[in-house]
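# What the coordinates show
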Amino acid sequence: MKKILLALTAAAAMTGSASAADLAARPYVKAPVAAPVANWTGFYIFGGGGGGLSNADQSVVDTVTGTPLTITQRQGGSGWFGTVGLGYDWQFNSTWVAGVFADGQFGSIRATIQDPIFGITGNQKLEDSWAAGVRLGWLVAPNVLSYVNGGYSGAHFGQTNFTNLAGVPVGVHLASYNRNGWFVGGGVENSLNIFGITSPGWFMKTEYRSAFYNAKTQTELLDAGNVPLVNSIRANSWNQTISTSLVYRFNWTGPVVAKY
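Let me sum up the structure you'll find in this document. Not measured: the values here are computed from a predicted model. (Residues numbered from 1 in each chain as written. Predicted model: local features only at pLDDT ≥ 70, side-chain atom pairs only at ≥ 80, totals over all residues. Heavy atoms only, no water.)

As a further point, take the environment of G122. Here G122 is to be found in strand β4 (residues 120-141). Accessibility expressed as a relative area gives 7% for G122, which makes it buried. The spacing of G122 and G167 is 45 residues in sequence and 9.4 Å in space, taken between C-alpha atoms. Excluding residues that lie within four positions of it along the chain, G122 makes contacts with A111, T112, I113, T160, N161 and F162. (Helix = DSSP H or I, 4+ residues; strand = E, 2+ residues; numbered from the N terminus. Buried < 20%, exposed > 50% of the residue type's maximum accessible area, 1.4 Å probe, protein only. Contact = heavy atoms within 4.5 Å.)

Secondary-structure assignment places Q75 in strand β2 (residues 73-91). On the basis of relative accessibility, which here comes to 18%, the residue Q75 falls in the buried class. Within the structure, Q75 has its side chain in polar contact with the side chain of Q114 (distance 3.3 Å). Sequence-distant contacts of Q75, that is, excluding residues within four places in its chain, are made with S54, N55, A56, Q58, A111, T112 and Q114. (Polar contact = N/O pair within 3.5 Å; in protein donor to acceptor, adjacent residues only side chain to side chain.)

So, about the side chain of S153. With respect to the helices and strands, S153 occurs in strand β5 (residues 144-157). Within the structure, the side chain of S153 is placed 2.8 Å from the backbone oxygen of W130, a separation counted as a polar contact. Reaching out from S153, the side chain makes a polar contact with the side chain of Y213 at a distance of 2.8 Å.

On the surface, W90, F92, W96, V100, V134, L136, W138, V140 and V148 cluster together into a nonpolar patch covering about 900 Å² of accessible area. Listed by contribution, the elements that provide at least two residues to the nonpolar patch are β3 (96-115) and β4. Ranked by residue count, the leading element in the nonpolar patch is β4, at four residues. With respect to the helices and strands, the residue W96 is situated in strand β3. Residue W96 is classed as partly exposed on the basis of its relative accessible area, which comes to 40%. (Patch = residues over 30% accessible without salt bridge, like charges linked within 9 Å, V, L, I, M, F, W, Y side chains within 5 Å. Areas by Shrake-Rupley, 256 points an atom, 1.4 Å probe, with all protein chains shown as cover. Salt bridge = Lys/Arg side-chain N within 4 Å of Asp/Glu carboxyl O.)

Take the pattern of salt bridges next. Scanning the model with the defined rule gives nine salt bridges in all. Here R209 and D103 are joined by a salt bridge, their closest N and O atoms 2.8 Å apart. Here D103 lies in strand β3 and R209 lies in strand β9 (residues 202-222), a separation of 106 residues in the sequence. In terms of burial, R209 and D103 fall into one category: buried. We note a salt bridge from E189 to R135, for which the minimum N-O separation is 3.1 Å.

What follows is about empty space enclosed by the protein. For the structure shown, the criterion picks out two cavities of 30 Å³ or more. Contributing to the lining of the largest cavity are 26 residues, with F81, Q105, S129, R209 and T241 lying nearest its centre. Looking at the lining of the largest cavity, the elements that each hand over two or more residues are β2, β3, β4, β9 and β10 (228-249). Per element, the largest residue contribution to the lining of the largest cavity is six residues, and it comes from β3. Of the voids in this model, the second largest cavity is the one considered here, and its volume is about 30 Å³. (1 Å grid on protein atoms, 1.4 Å probe; cavity = no way out; pocket = protein on both sides within 12 Å on 5 of 7 lines; lining within 4 Å. Points joined across faces, edges and corners; volume = space filled by probe spheres on them.)

Moving on, we come to the pairing of strand β1 (residues 42-62). Looking along a regular strand, one sees side chains alternate from face to face of the sheet. Here β1 runs beside β2; their pairing, made up of 17 bridges, is antiparallel. Bridge pairing in β2 places L53 opposite S78. Looking at chain direction, β1 and β10 are connected through 17 bridges and run antiparallel. Bridging from a neighbouring strand, G51 pairs with I242 of β10. (Pairing = 2+ DSSP bridges.)

This part covers the nonpolar core. In this structure, W40 and F157 are the most contacted members of the largest nonpolar core, which totals 21 residues. Counting residues per element, the ones that place at least two in this core are β1, β3, β4, β5, β8 (177-191) and β9. With 10 residues, the next largest nonpolar core counts V60, I120, V172 and I233 among its residues. (Core = buried A, V, L, I, M, F, W, Y, C linked by side-chain atoms within 4.5 Å.)

Phi is positive for N226, close to 55°, though the residue is something other than glycine. Along the polypeptide, N226 turns up in the loop between β9 and β10. In this structure N226 comes out as partly exposed when scored by relative accessible area, which is 46%.

Attention shifts here to the pairing of β8. For β5 and β8, the ladder comprises 14 bridges, and the chain directions are antiparallel. Its bridge partner lying in β8, F157 is registered against Y177.

Okay, here's the thing in structure tokens:
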């Protein structure tokens, strides 16, 4: 009996030693790191540029009576512009972002203006404009926001100088003027932390916008003395633009990661 007890005791001691050795050899494993959480709430600024198309629905009317002298026709054109702006966003949950913004555009987007009665033509140029509005976005990914926007806009149109069909100036123009309207649009904004490049706070956005400005009736004027003529041009303006901008978000210092 003693021999059996001694054998069992020896076996237990050997097993305990082996188990202790195994435990000592196990490597230390850290707790799993929490997934990064991005937050879009905060101020931002941006600047960029792009191109646009302009259309004007126009007709010739009698200066004195306002009687239409031609049918309404749509004339078009194109051009380029630059833009700068700022805004503030609120992230409500893991999916939705809403914000307010304001921006300004400057450049040269032109639309043709014609008076077929006198056989003259010119360019109505959108020289600068501004916009203030709201946007609502949906997060495709934590660092990628798709959005729609809309709001109020104002624009300044430069002087239109007329030429004849041969391109020779005829000494007639339309004065520059301001016009108000509204816009709708949408786009995508994404972080530039891609392809292994770290750029905290820097984003890029690409946006489409369609702006509509109210019709304006302008009297044709002689260059000499701004003498009014018998014909006036009534035209509105519809501008479509696509821009790409570099965005900097002041609150974005990188994803928030839980520490252990």
